[in-house]
Structure formats: C-alpha cells, structure tokens
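# Report on the structure
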Amino acid sequence: MPLAFSRLDCELYGVRRAALVITPTTHLRVPLERLDQLRAEVHSGTDAGAIEANSVNATILDNARSARVQFTIFRGRDEAGLGSWGFDPDIDDASARELAYYLLRGQMQVYRGLVAAGLLLHLHVEWPTRELRAYQAALQRRRRELREAVRAAGGPSHVEPIDLVDLWILRHMTLFFGVGLDTLLDPFLAESLPIMERRIVTARHMLRQAEGWDAR
C-alpha cells in the first residue's frame, strides 16, 4: 500500500506532543473481492485478526516505535488531491459496512502493537462519508459482540483476556472522523491526551496479561 509517513509536532495546553501521520500517496480503493476473501477466511475458522498481519502493519508499527510519538493519525486523503483511501465506488452500503467490519477485525493486531508501544490514541481523520459511517457501524458491531461475549460467559474473568484488550481499544483508543486534524487539536486532543496517559497504563497491563492467551 503506497503510504507516506511524517511526524507532526504540536503544543497542546503547554505540553509538547508528537504524532505519526500516515497519508495515502495514490488513490487506493478496496475492491469487493477483498470482502469475499475476508469472509472466506473467517468461515474457514481463521480469525480475521490474523489476516491483516502484513508488511503494511509492520511498517506502521516500526515507524510509530522509532518516531517516539504519542498518537497516530491515518488520513483519508492528502492536501494535493493525489492520494486518498476508500472502498470501490461500486460496493453498495451494506457491503461497505461488512467490509469495514472485517477490515477492523484485521487491524486489531496493529492497534495492539501501538498500545504495547505506549501510544495513546489511534485517530483516523478526513475519512470519506461512506467509509466513516461504515467504520463507525463496524466499531459498534464489534464492541457489541465483545460485550455480549463477556455477559454470556458470566463476566470478564471467563473470557479470553485478548477480547477484553480489544474491547478496551475499541471503546477508548480508536476513533474515526470526517474532519481534518486541525479541527481536533483544540480542545479535543488537548483534553483527551492527558486522560489517555492515565488509561494507557491499564491498557498495557491488560495486554501483558493477555499475551499468553493470544495465538493470533
């Protein structure tokens, strides 16, 4: 996937912050065939969380670790109009929601890796309207599934710890927006990052506990 990586330094309420900015450099479109592939993998018994463990995710993790940043920003487009990310325009809305769900499942590995590296937030900004709605629906669906699994099992102590980690990440640390980063800097990020500095301790502790369970 053609991506550019850059570092954004900013000052929020007198505190220096840095983000890894990930920007598509060409017009990337996810085809309907990707949904068919993801469905087939899941129905064959392979967890979608393992499907996206690829060189793109490894590159994102390597850049985040080496750049010494506090959060990541995955942009849906660049300023010049030369790069963008989205679904194939021929995909209908229902299929877009399904595709977003399976892609989100696949992205959990990179989110966990970012938590392990101590990053506080994983922002997706300038997302196209249809993709934004699809990913927001995917977030709600996966969170609901994880919460229902906890209830069905009789409480958090009876489910796989990695599922609790994923629920934490999806509730607190992974966010999608249609607006640009400038709109979010103040007050959203200025107020959110100090809160997440306290939460990341819990998230990393949960991840360490789950490592022995995680076979993905």
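A short tour of the structure in this document, coming up. None of the values given here were measured: they were computed from a predicted structure.

### Some thoughts on helix H5 (residues 129-153)
For H5, which comprises 25 residues, the first-to-last C-alpha distance of 36 Å matches the rise-based estimate of 36 Å (1.5 Å per residue) to within 8%. Taken as a whole, H5 has its buried residues at Glu131, Leu132, Ala134, Tyr135, Ala138, Leu139, Arg142, Arg143, Leu146 and Val150. The inward-facing, buried residues of H5 abut strand S5 (84-87), helix H4 (93-116), helix H6 (161-172) and strand S7 (174-176). Count one or two residues on from H5 and you reach Gly154, which has phi positive near 95 degrees.

### Some details on the environment of Leu164
Summarising the element assignment, Leu164 is placed in helix H6. On the basis of relative accessibility, which here comes to 21%, the residue Leu164 falls in the partly exposed class. Note: C-alpha distance between Leu164 and Arg17 (147 residues apart in sequence) is 28 Å.

### Let's talk about the packing of H4 against H5
Their axes nearest at 8 Å, the elements H4 and H5 cross at an angle of 60 degrees. Taken together, the axis directions place H4 and H5 in an arrangement best described as oblique. With respect to the hand of their crossing, H4 and H5 are arranged in right-handed fashion. Listed contacts from H5 to Asp93, Ala96, Arg97, Glu98, Ala100, Tyr101, Leu103, Leu104, Arg105 and Gln107 of H4 are Arg130, Ala134, Tyr135, Ala137, Ala138, Leu139, Arg141, Arg142 and Glu145. In the contact of H4 with H5, the residues fall into 10 nonpolar, 1 polar and 8 charged.

### Observations concerning the packing of aromatic side chains
Under the counting rule described, the total for this entry stands at 10 aromatic pairs. Seen in terms of ring centroids, Trp85 and Trp127 are 5.0 Å apart; in terms of plane orientation they differ by 25 degrees. Their pairing is stacked. With a gap of 42 residues between them, Trp85 in strand S5 and Trp127 in the loop between strand S6 (121-125) and H5 connect regions that are remote in the sequence. On the basis of relative accessible area, Trp85 is assigned to the buried category, the value being 7%. Relative accessible area serves as the criterion here: at 5%, Trp127 is assigned to the buried category. Centroid distance Phe177 to Phe188: 5.5 Å. Interplanar angle 70 degrees. Geometry classified as edge-to-face. On the criterion of sequence distance, the pair formed by Phe177 in the loop between S7 and helix H7 (181-210) and Phe188 in helix H7 is long-range, its members being 11 residues apart. With a relative accessible area of 27%, Phe188 lands in the partly exposed category.

### Details of unusual backbone geometry
Within the chain, Arg68 stands out as a residue other than glycine whose phi angle is a positive 55 degrees. The exposed category is assigned to Arg68, whose relative accessible area is 70%. The backbone of Glu126 sits at a positive phi, close to 55 degrees, despite the residue not being glycine. Within the secondary structure layout, Glu126 lies in the loop between S6 and H5. The class for Glu126 is buried, based on a relative accessible area of 12%.

Calculation criteria
Residues numbered from 1 in each chain as written. Predicted model: local features only at pLDDT ≥ 70, side-chain atom pairs only at ≥ 80, totals over all residues. Heavy atoms only, no water. Helix = DSSP H or I, 4+ residues; strand = E, 2+ residues; numbered from the N terminus. Expected span 1.5 Å × (residues − 1). Buried < 20%, exposed > 50% of the residue type's maximum accessible area, 1.4 Å probe, protein only. Contact = heavy atoms within 4.5 Å. Axes fitted to C-alpha atoms, helices over the stretch in contact; angles between N-to-C directions. Parallel < 35°, antiparallel > 145°, perpendicular 65-115°, else oblique. Left-handed = near helix turned anticlockwise from the far one by under 90°. Nonpolar A, V, L, I, M, F, W, Y, C, P; charged D, E, K, R; others polar. Phe/Tyr/Trp six-rings, centres within 6.5 Å; stacked < 30°, edge-to-face > 60°.

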